[in-house]
Amino acid sequence: MGTVTTRRPAPSGTRPAPPPPRPPWRVKLRRDWPLLVMNLPMLLVVLAFWWVPALGNVIAFQDYNPYTGGILGSPVIGFTNFALLFEDPQFLRAITNTLSITAFQLVFYFPLPIMLALLLNSLASAKLRAFVQGVVYLPFFFSWVLVVAIFQQMFGGAGLLAQILRENGREAVDWMTNSDTFILLITSQTIWKDAGWGAIIFLAALSTIDPNLYEAAAVDGARRWRRMWHITLPGLRPVIVLLLILRLGDALNVGFEQFMLQRSAVGSEASEVFDTFVYWSGIRTGDLGYGAAAGLFKGLVGLLLIVAANRVAHAFGERGVYSKS
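As the structure is a computational prediction, the values presented were derived from the model and not from experiment.

*Asks:* Is there a simple way to explain the UniProt feature "transmembrane region" (unreviewed entry) in the chain in this structure?
*Replies:* Feature annotation in UniProt assigns "transmembrane region" (unreviewed entry) to the following positions: residues 33-52, 64-86, 98-120, 140-162, 231-249 and 288-309. A distance of 31 Å separates the end C-alpha atoms of residues 288-309, which is 100% helix and 0% strand.

*Asks:* Looking at this structure, how should I read the UniProt feature "domain: ABC transmembrane type-1" (unreviewed entry) in the chain?
*Replies:* The UniProt entry lists residues 95-309 under the feature "domain: ABC transmembrane type-1" (unreviewed entry), expressed in the numbering used here. Annotated as 77% helix and 0% strand, the span residues 95-309 places its first and last C-alpha atoms 20 Å apart.

*Asks:* Looking at this structure, how should I read helix 7 (residues 144-155)?
*Replies:* Each α-helix winds once per 3.6 residues, and so residues spaced three or four apart point in a common direction. Taking 1.5 Å of rise per residue, the 12 residues of helix 7 would be expected to cover 16 Å, and the 16 Å separating its terminal C-alpha atoms lies within 8% of that figure. Along helix 7, the residues classified as buried are Trp144, Val147, Val148 and Phe151. The buried residues of helix 7 occupy an angular sector of 95° when the element is viewed end-on, so they sit on one face.

*Asks:* Could you clarify how one ought to interpret the nonpolar core in this entry?
*Replies:* If you look at the biggest cluster of nonpolar residues, it comprises 19 residues, and the most contacted ones within it are Ile114, Ala117, Phe202, Leu203, Leu206, Leu236 and Ile240. Every element with two or more residues in this core is listed here: helix 5 (111-122), helix 9 (182-207) and helix 11 (224-249). Core analysis: the next-biggest nonpolar cluster, separate from the first, contains 18 residues, Tyr64, Phe91, Ile95 and Ala293 among them.

*Asks:* Could you clarify how one ought to interpret the packing of aromatic side chains in this entry?
*Replies:* For any two aromatic rings, the description comes down to two numbers: the centre-to-centre distance and the angle of the planes. A complete count under the given rule lists 21 aromatic pairs for this structure. Ring plane angle 85° and centroid distance 5.6 Å describe the contact between Phe86 and Phe91, whose orientation is recorded as edge-to-face. When its relative accessible area of 44% is taken as the criterion, Phe86 is described as partly exposed. In textbook terms, an aromatic cluster arises when at least three aromatic residues are bridged by ring pairs, as seen for Phe86, Phe91, Phe274, Phe277, Tyr290 and Phe297. The ring of Phe140 has Lys193 sitting right over it, with the charged end atom 5.2 Å from the ring centre.

*Asks:* In this structure, what is going on with the packing of helix 4 (residues 89-108) against helix 11? I would like to understand it.
*Replies:* The relative placement of two packed helices comes down to the angle between their axes together with the axis-to-axis distance. At a minimum axis distance of 11 Å, the contact between helix 4 and helix 11 shows a crossing angle of 165°. When the axis of helix 4 is compared with that of helix 11, the two are roughly antiparallel. The element helix 4 and its partner helix 11 pack so that their crossing is right-handed. Of the residues in helix 11, those touching helix 4 at Thr102, Gln105 and Leu106 are Leu244, Arg247 and Leu248. For the contact of helix 4 with helix 11, the per-class residue count stands at 3 nonpolar, 2 polar and 1 charged.

*Asks:* Help me out: how do you make sense of the environment of Thr96 in this one?
*Replies:* Relative to the assigned elements, Thr96 resides in helix 4. For the pair formed by Thr96 and Phe277, sequence separation is 181 residues and the distance between their alpha carbons is 12 Å. In terms of polar contacts, Thr96 uses its side chain to reach the backbone carbonyl oxygen of Leu92, at 2.9 Å.

Here is what the cut-offs are and how they apply
- Residues numbered from 1 in each chain as written.
- Predicted model: local features only at pLDDT ≥ 70, side-chain atom pairs only at ≥ 80, totals over all residues.
- Heavy atoms only, no water.
- UniProt positions renumbered as here; feature names shortened; annotations may be inferred.
- Helix = DSSP H or I, 4+ residues; strand = E, 2+ residues; numbered from the N terminus.
- Expected span 1.5 Å × (residues − 1).
- Buried < 20%, exposed > 50% of the residue type's maximum accessible area, 1.4 Å probe, protein only.
- Arc of directions from axis to C-beta.
- Core = buried A, V, L, I, M, F, W, Y, C linked by side-chain atoms within 4.5 Å.
- Phe/Tyr/Trp six-rings, centres within 6.5 Å; stacked < 30°, edge-to-face > 60°.
- Lys NZ or Arg CZ within 6 Å of the ring centre and 35° of its normal.
- Axes fitted to C-alpha atoms, helices over the stretch in contact; angles between N-to-C directions.
- Parallel < 35°, antiparallel > 145°, perpendicular 65-115°, else oblique.
- Left-handed = near helix turned anticlockwise from the far one by under 90°.
- Contact = heavy atoms within 4.5 Å.
- Nonpolar A, V, L, I, M, F, W, Y, C, P; charged D, E, K, R; others polar.
- Polar contact = N/O pair within 3.5 Å; in protein donor to acceptor, adjacent residues only side chain to side chain.

What follows is the structure in structure tokens.
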């Protein structure tokens with residue numbers, strides 16, 4: 001009979017084996033050059049249209065005049081443009097509106113694509129699923145001009161809802177010009193336009209979950225809600241965390257066209273957001289250095305939010321957007 005060998009546990013206090021050394025860059029280059037060649041066109045596009053134009057952010061620290069001095073000849077004024085930003089009540093109102101809209105949509109819009117994906121995934125008929133997907137995806141391809149026009153015809157002062165209320169002896173309400181409910185209006189527009197498209201990512205994540213897990217849970221007596229709670233949602237958690245981090249990093253970017261189209265109807269008090277502030281205060285007035293300072297502040301805030309949210313994701317055991325190898 002053969003002898004059974006047992007491995008003795010390592011004595012306490014010993015260090016684990018060091019990781020294998022990383023291959024030198026020449027070995028990596030010979031190994032990965034096809035992938036690098038495939039990514040080269042996109043890297044050139046990013047370099048030409050993102051990184052090189054980003055060098056123009058230097059005008060945020062200048063008294064920039066494109067007609068006399070340009071970038072090289074405009075005088076440097078340091079952080080004067082940033083100081084003027086935080087003294088501008090319109091800028092502070094734009095920040096407040098933007099953060100309020102972002103927080104509201106995180107609560108009332110962000111979960112809806114997840115719920116929609118779960119509902120679509122639960123449909124047994126493939127034809128019915130394809131039909132419903134086509135219907136809910138379609139509004140994503142509409143422009144904001146068309147979306148606002150449709151909502152105007154439905155909820156405006158002369159829209160369908162107002163006419164029905166008048167025919168029944170009720171007072172009509174013009175939801176399109178009510179600044180008090182503007183945040184509800186734009187959130188409902190965003191849900192109608194983008195929720196179906198946002199569900200695509202979650203449907204793709206659902207397709208990666210092993211069906212054997214559901215079968216084993218059903219055999220053990222788990223009902224549909226328990227299977228969703230213990231299998232589906234844990235399978236979606238990495239994608240949910242990733243998209244939540246990206247949404248937090250994009251907190252100051254709630255859109256431009258949607259708010260610009262409705263600014264005259266509800267007024268700037270309710271509709272002034274960060275992007276419209278940059279347009280009116282920087283581009284329309286020609287004070288490009290002031291607008292660049294606002295845009296640079298937006299980018300820095302987004303970067304800080306991504307880093308902070310990514311660290312929180314690491315604390316909960318998720319990979320997040322990036323992680324140290």
